[in-house]
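Results of the structural survey
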Amino acid sequence: MNSQEQLALLDTILSKAKAAGAEAADAVIGTSISLSVGERLGAKEKLERAESQDLGLRVLVGKRQAIVSTSDFTKASLDELTTRAVAMAKAVPEDPFCGLADASELAKDWPKLDLCDATEPSEAKLTELVRAAEDAARSVKGVTNSEGAEAGYGRSDVAIAASNGFQGAYASSHFGLSVSVLAGEGTGMERDYEYSSTVFLADLDDPVKLGKAAGERAVKRLNPRKAKTAVVPIVLDPRISNSIVGHLVGAINGAGIARGTSFLKDKLGEIVFAEGIDIIDDPHRQRGLRSRPFDAEGLPTKLAKLIDNGRLTMWLLDCRSARQLGLKSNGHASRGTSSPPSPAPANVHMAAGKISRADLLKSIDQGLYVTEMIGSGINGVTGDYSRGAAGFWIEKGELAYPVSEVTIAGNLKDMFKQVTPADDLTFKYGTNAPTLRIDGMTLAGA
């Protein structure tokens with residue numbers, strides 16, 4: 001079913017819903033195709049292909065709403081869907097903040113973002129990538145075993161229509177390649193990994209380089225020591241530094257702000273990061289992993305500075321959370337077929353700093369360079385932070401030896417203000433950040 005056929009079907013569904021008694025309605029169709037291949041030690045362990053289609057309908061009767069979904073697109077099923085949805089809406093409690101976007105706010109046109117690689121890879125092509133990555137990882141001296149390598153492809157087509165007049169559709173693709181290996185023997189074994197995730201197949205990292213990086217990382221972690229408990233600077237590797245940005249994004253979600261359950265709920269317009277820090281949400285990045293031409297309520301999307309020179313400038317809002325806060329939606333609605341819209345970010349990154357990674361480390365006499373985080377001990381209400389970590393001890397500005405089985409702790413309100421970014425930002429994930437230094441962290445070790 002192409003996008004025009006999807007939109008035509010949605011238009012029919014909306015007409016049926018209005019005829020059944022809905023005062024307003026919106027609907028979304030999502031179709032997906034996925035293929036994944038996995039091998040371990042040169043033998044195939046996984047071959048999966050899946051195709052799905054789902055339709056979600058939201059109807060509103062006064063200030064009551066209901067959402068129903070189906071994967072059965074027959075006329076009888078869709079007739080029943082609309083009748084059931086309206087009946088449910090009439091029976092549920094009122095929600096004073098629900099409702100569609102105002103027609104005057106809808107996106108009228110949107111950019112082309114190059115989000116879909118039209119070529120579906122063959123099983124043989126994915127197998128070739130997997131084999132090259134694992135072979136390269138296993139070729140690294142010191143690597144003794146493998147957890148395997150995996151490559152995958154996916155395509156999603158989304159179409160949205162609403163009774164306020166909005167209609168829009170777009171397609172996106174996704175490719176991934178990962179490998180995980182072990183180094184050492186017996187109880188002294190260590191594991192590490194590497195992966196690449198892109199919108200276009202041609203943009204994936206070279207599988208040989210990716211595999212070698214995974215193997216070298218695993219070998220470097222051999223013979224770890226335990227660090228002593230202390231208050232020290234930590235430095236977050238770019239593989240995990242984006243988690244700090246992720247914690248900010250979670251704390252400024254409009255739904256949580258409206259409920260009063262965020263440690264930043266009273267900080268709008270205030271300095272919450274160190275001076276010079278910018279954090280940007282860019283839904284229009286070409287080939288971005290989370291790019292989108294419009295949001296799930298049909299509103300336009302645009303680049304926004306969430307943090308501007310350390311200052312918190314906005315919440316992430318959909319229509320409902322915006323109404324609850326007495327504000328206007330800023331185009332951050334996201335939704336599936338079985339749930340109402342809710343706020344979500346697009347491509348978020350912390351802007352690069354002006355100092356090199358080497359210089360960031362140079363001034364640290366004793367500290368921890370973190371390459372892996374374990375657990376998720378984050379209190380979103382208070383900002384308290386405590387996570388297991390592993391990495392390398394920093395001694396006189398250099399990485400000295402591997403460290404494991406430690407915990408780093410602090411409070412995000414303090415941590416944000418102690419962040420210093422390096423100049424090595426790359427766009428590899430949906431959320432990105434350069435190497436980050438955070439001073440004054442409590443490290444619990446031996």
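Scroll up for the structure.
**Quick notes on the overall build of the protein chain**
- Helix and strand counts for the protein chain come out as nine helices and 19 strands.
- Its C-alpha atoms give the protein chain a radius of gyration of 24 Å, near enough to 22 Å, the size a compact globule of 446 residues would have.
- Here the protein chain holds 446 residues, and the buried ones make up 50% of them.
- The long-range fraction of contacts in the protein chain, counting pairs at least 24 apart against all pairs at least 6 apart in sequence, stands at 72%.
- Just so you have it, the protein chain exposes about 19,400 Å², and 49% of that area is on carbon and sulfur atoms.
- For the protein chain, the distance from the average position of its 52 positive side-chain charges to the average position of its 57 negative side-chain charges is 3 Å.

**A look at the packing of helix H1 (residues 3–20) against helix H2 (residues 75–91)**
- Contact geometry of H1 with H2 gives a least axis separation of 9 Å together with a crossing angle of 45°. Here H1 lies oblique to H2, going by the angle between them. As for the relative orientation of H1 and H2, their crossing is right-handed in sense. Note on element contacts: H2 touches H1 through Lys75, Leu78, Asp79, Thr82 and Val86, opposite Leu9, Ile13, Lys16, Ala17 and Ala20.
- Within the contact of H1 with H2, the residues separate by chemical class into six nonpolar, one polar and three charged.

**Describing helix H3 (residues 123–138)**
- Helix length check: H3 (16 residues) gives 22 Å between terminal C-alpha atoms against 22 Å at 1.5 Å per residue, within 8%.
- Considered for burial, the residues of H3 that qualify are Leu126, Thr127, Leu129, Val130, Ala133, Glu134, Ala136 and Ala137.

**Quick look at unusual backbone geometry**
- Although it is not a glycine, Leu41 sits at a positive phi angle of roughly 55°.
- Mapping Leu41 onto the fold places it in the loop between strand S1 (24–40) and strand S2 (43–61).
- Even without being glycine, Lys396 reaches a positive phi, approximately 50°.

**Some details on the environment of Lys226**
- With respect to the helices and strands, Lys226 occurs in the loop between helix H4 (207–220) and strand S7 (230–236).
- Lys226 gets classed as exposed once you look at its relative accessible area, which sits at 51%.
- A polar atom in the side chain of Lys226 sits 3.3 Å from the side chain of Glu405.

**Examining the sheet that holds strand S5 (residues 167–183)**
- The antiparallel open sheet is built from six strands, whose spatial order is S3-S2-S1-S4-S5-S6. Two strands lie at the open edges of the sheet, namely strand S3 (64–70) and strand S6 (190–198), each paired on one side alone. The mean inter-strand angle of the sheet, taken between neighbouring strand axes irrespective of direction, is 20°.
- Here S5 pairs with S6 via nine bridges, running antiparallel. Across the sheet, residue Ser178 finds its bridge partner in S6, namely Tyr195.

**A closer look at H4**
- In this model, H4 (14 residues) spans 20 Å end to end at C-alpha, consistent with the 20 Å of a helix rising 1.5 Å per residue.
- Of all the positions in H4, only Pro207, Leu210, Gly211, Ala214, Gly215 and Ala218 are classed as buried. Seen from one end, H4 has its buried residues packed into an arc of 130°, which puts them on one side. Opposite the packed face of H4, turned more than 90 degrees from it, sit the exposed residues Lys209 and Lys220.

**Structural notes on the packing of H3 against H4**
- It is the contact of H3 with H4, at a shortest axis distance of 7 Å, that shows an interaxial angle of 35°. Both H3 and H4 take part in a crossing whose hand is right-handed. Listed contacts from H4 to Leu129, Ala132, Ala133, Ala136 and Ala137 of H3 are Pro207, Val208, Leu210, Gly211, Lys212 and Gly215.
- Its residues assigned to classes, the contact of H3 with H4 comprises eight nonpolar, two polar and one charged.

**Considering the packing of aromatic side chains**
- Applying the stated rule across the entire model yields nine aromatic pairs.
- Between the aromatic rings of Tyr170 and Phe294, the centroid separation amounts to 5.4 Å while the plane-to-plane angle is 85°, which identifies the pairing as edge-to-face. Residue Tyr170 is located in strand S5, and its partner Phe294 is located in the loop between strand S8 (279–281) and strand S9 (304–308); the two are separated by 124 residues in the primary sequence.
- Taking the relative accessible area as the measure of exposure, Tyr170 reaches 24% and is therefore partly exposed.
- Residue classification places Phe294 among the buried positions, given a relative accessible area of 1%.
- Judged by centre distance (6.1 Å) and plane angle (45°), the ring pair of Phe263 and Phe416 falls under tilted. Of this pair, Phe263 sits in the loop between helix H6 (254–259) and S8 while Phe416 sits in helix H9 (residues 412–417), and the two are 153 residues apart along the sequence. Taken as a pair, Phe263 and Phe416 share a single burial class, namely buried.
- An aromatic cluster of at least three residues, connected via ring pairs, comprises Trp110, Phe166, Tyr170 and Phe294.
- Seen from the ring of Tyr401, Arg225 lies directly overhead, with NZ or CZ sitting 3.8 Å from the centre.

Definitions and limits used
- Each chain carries its own residue numbering, running from 1 in the written order of its sequence.
- Only residues with pLDDT of at least 70 are given local features in this predicted model, and only at 80 or more are side-chain atom pairs given and counted; all residues enter the totals for whole chains, interfaces and linings.
- Note: side-chain values were computed over all heavy atoms of the structure, leaving out hydrogens and water.
- Only DSSP runs of H or I covering at least 4 residues are called helices, and only runs of E covering at least 2 are called strands; the numbering of each starts at the N terminus.
- The globule rule is 2.2 Å times the number of residues to the power 0.38, and the radius of gyration it is compared with is taken over C-alpha atoms.
- Throughout this description, buried means an accessible area under 20% of the type-specific maximum (1.4 Å probe, protein chains only), exposed means over 50%, and partly exposed covers the range between.
- The contact criterion used throughout is that any non-hydrogen atoms of two residues lie within 4.5 Å.
- Surface accessibility in these figures is a Shrake-Rupley result with a 1.4 Å probe; residues are shielded only by whichever protein chains are displayed.
- When charges are counted, Lys and Arg contribute as positive and Asp and Glu as negative, whereas His and the chain ends are disregarded.
- By convention, the charge on Lys lies at NZ, on Arg at CZ, on Asp at CG and on Glu at CD.
- Under this scheme, a helix contributes an axis fitted over its contacting stretch, all axes are lines through C-alpha atoms, and angles between N-to-C directions fall in the 0 to 180 degree range.
- Roughly parallel means an angle under 35 degrees; roughly antiparallel, over 145; roughly perpendicular, 65 to 115; everything else is oblique.
- Crossing handedness is read from the near helix: turned anticlockwise from the far helix by less than a right angle, it gives a left-handed crossing, and turned clockwise, a right-handed one.
- For this scheme, ten residues count as nonpolar: Ala, Val, Leu, Ile, Met, Phe, Trp, Tyr, Cys and Pro. Four count as charged, namely Asp, Glu, Lys and Arg, and the remainder, Gly too, count as polar.
- Expected span of a helix, by definition, is 1.5 Å for each gap between consecutive residues, and there is one gap fewer than residues.
- Two N or O atoms form a polar contact when they lie within 3.5 Å of each other; inside protein one atom must be a possible hydrogen donor and the other a possible acceptor, and for residues adjacent in sequence the pair counts only when both atoms belong to side chains.
- Strand pairing is defined by DSSP finding a minimum of two bridges between the two strands.
- Here, the arc refers to the directions that run from the helix axis to the C-beta atoms.
- Ring pairs are drawn from Phe, Tyr and Trp, using the six-membered ring of Trp, whenever the two centres fall within 6.5 Å, and their geometry is named by plane angle: stacked under 30 degrees, edge-to-face over 60, tilted for the rest.
- For a lysine, the NZ atom is tested; for an arginine, the CZ atom; a charge sits over a ring if that atom is within 6 Å of the ring centre and within 35 degrees of the ring normal.

By themselves these figures say nothing about function.
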